[in-house]
Amino acid sequence: MNPRLKALSVHLLTASGAVLAMFAMLAAVTEEWSLMFLWLVVALIVDGIDGPLARKYDTQKNWPTYDGVLMDLIVDYLTYVFIPAFALFKSGLLPGWTGWLAIIVICYGSVVYFADTRMKTKDKSFAGFPACWNMVVLVLFATEPGEMVILLVVILLTVTMFTNLKFIHPTRTKRWHEISLAICIAWIALAGWAAWWDFNEGPVAKWLLVLTSLYLVLAGIVQQMVPEGIRRVR
C-alpha cells in the first residue's frame with residue numbers, strides 16, 4: 001500500500017469513531033448503559049491508535065485534504081463529552097438540579113477547552129483536565145458514589161480544565177511512558193470488563209479500576225511537583 005492510501009486509511013479509521021458514537025448514543029437512548037460504555041471503550045481504543053498511526057504515516061503530508069485533527073476533535077466531543085454527559089443525566093445518578101448543573105458544566109466547559117490552542121504542553125501532555133468524561137462517568141457508574149460526591153468531582157475536574165495542572169497523555173508523554181501506557185491499557189481492559197458484566201465486576205476489579213484512574217488523573221500533577229532530573233541527596 002502506498003503512503004497516500006495508508007494516510008487515507010488512518011483518516012477513515014478516525015472517522016469510524018463517529019459511527020461508534022452513534023451506536024453508543026442509540027444504546028444510551030434506550031438506557032442500555034453497559035452496551036453504551038462498551039461502544040465508548042471501542043471508540044477510546046480507536047482514538048488511542050489513530051494518533052500514532054497518523055504520525056507514522058504522516059497524514060498531513062500524504063493526505064492533507066482531510067484535517068485529521070479537526071476530525072478527531074469532532075469525534076472526541078461526541079464520545080468523550082456529549083454521550084457521557086447524557087448518560088450521567090439520564091441514568092439518575094444526578095437527579096434534579098444536580099443533573100442539570102452537571103450537563104451544563106460538562107458540555108459548556110468542554111467545548112471551550114477543546115477550542116483552546118494552549119491545551120497541549122511542551123511534553124505533549126495536557127494543560128488542564130482533557131475532558132475525558134467517558135472515563136470519569138464510567139468509573140462513576142462502576143462505583144456509584146453519593147450524589148454530592150459526583151457533583152463535586154464534575155465541578156472540580158471542570159475547573160481544572162482552565163488551570164495549568166498537567167495531565168499525562170498515555171501515548172505521548174515521554175516521562176514514565178512505559179508505566180503510563182501499561183496502566184492505560186489495564187484501565188481499558190478493566191473498563192471493558194466492568195461494562196461487560198453490567199457493572200457487577202466484583203470488588204477487586206472495581207478497586208483496580210479506581211486505582212488506575214487515580215494514576216491517570218494524578219501522574220501529571222506529580223510530575224509537576226517532582227521535576228525530571230531531581231536526584232535524591234544522600
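The preceding data block contains the structure.
Not measured: the values here are computed from a predicted model.

A. Structural context of the state of the cysteines. Overall, the coordinates contain zero disulfides when judged by the stated rule. Free of any disulfide, Cys184 has its nearest neighbouring cysteine sulfur in Cys132, separated by 9.1 Å. Cys184 gets classed as buried once you look at its relative accessible area, which sits at 14%.

B. Quick peek at the packing of aromatic side chains. Within this structure, the stated rule accounts for eleven aromatic pairs. When the centroid spacing of 5.0 Å and the interplanar angle of 70 degrees are considered together, the rings of Phe37 and Phe141 count as edge-to-face. Of the two residues, Phe37 is situated in helix α2 (residues 33–56) and Phe141 in helix α6 (residues 133–143); the sequence distance between them amounts to 104 residues. Relative to Phe167, the ring of Phe129 lies with its centre 5.8 Å away and its plane at 70 degrees, an arrangement referred to as edge-to-face. Here Phe129, found in the loop between β1 (126–127) and α6, pairs with Phe167, found in strand β2 (residues 166–167); they are 38 residues apart in sequence, far enough to count as distant. Note on Phe129: relative accessible area 4%, which makes it buried. Classification of Phe167 as buried rests on a relative accessible area of 4%.

C. Focus on the packing of helix α1 (residues 3–29) against α2. Contact pair α1 / α2: the axes reach a minimum separation of 8 Å and the direction vectors enclose 170 degrees. In this view, α1 runs roughly antiparallel relative to α2, as classed from their interaxial angle. As α1 packs across α2, the resulting crossing turns out to be left-handed. Facing α1, whose interface residues are Val10, Leu13, Thr14, Ser16, Leu20, Phe23, Ala24, Ala27 and Ala28, α2 presents Trp33, Leu35, Met36, Trp39, Leu40, Val42, Ala43, Val46, Ile49, Asp50, Leu53 and Ala54. Each residue belonging to the contact of α1 with α2 can be placed in one class, and the counts come to 18 nonpolar, two polar and one charged.

D. Broad picture of the nonpolar core. In terms of nonpolar packing, the biggest core is built from 60 residues, with Met36, Phe37, Leu88, Trp133 and Trp187 touching the most fellow members. Counting only elements with at least two residues in this core, the list comes to α1, α2, α4 (68–90), α5 (97–114), α6, α7 (147–160), α8 (177–196) and α9 (203–225). Element by element, the count of residues in this core is highest for α6, at nine residues. Discounting residues that sit within four places of it in the chain, Trp133 has contacts with Tyr80, Val81, Pro84, Ile106, Ser110, Val154, Leu157, Thr158 and Met161.

Basis of the calculations
Residues numbered from 1 in each chain as written. Predicted model: local features only at pLDDT ≥ 70, side-chain atom pairs only at ≥ 80, totals over all residues. Heavy atoms only, no water. Disulfide = S-S within 2.5 Å. Buried < 20%, exposed > 50% of the residue type's maximum accessible area, 1.4 Å probe, protein only. Phe/Tyr/Trp six-rings, centres within 6.5 Å; stacked < 30°, edge-to-face > 60°. Helix = DSSP H or I, 4+ residues; strand = E, 2+ residues; numbered from the N terminus. Axes fitted to C-alpha atoms, helices over the stretch in contact; angles between N-to-C directions. Parallel < 35°, antiparallel > 145°, perpendicular 65-115°, else oblique. Left-handed = near helix turned anticlockwise from the far one by under 90°. Contact = heavy atoms within 4.5 Å. Nonpolar A, V, L, I, M, F, W, Y, C, P; charged D, E, K, R; others polar. Core = buried A, V, L, I, M, F, W, Y, C linked by side-chain atoms within 4.5 Å.

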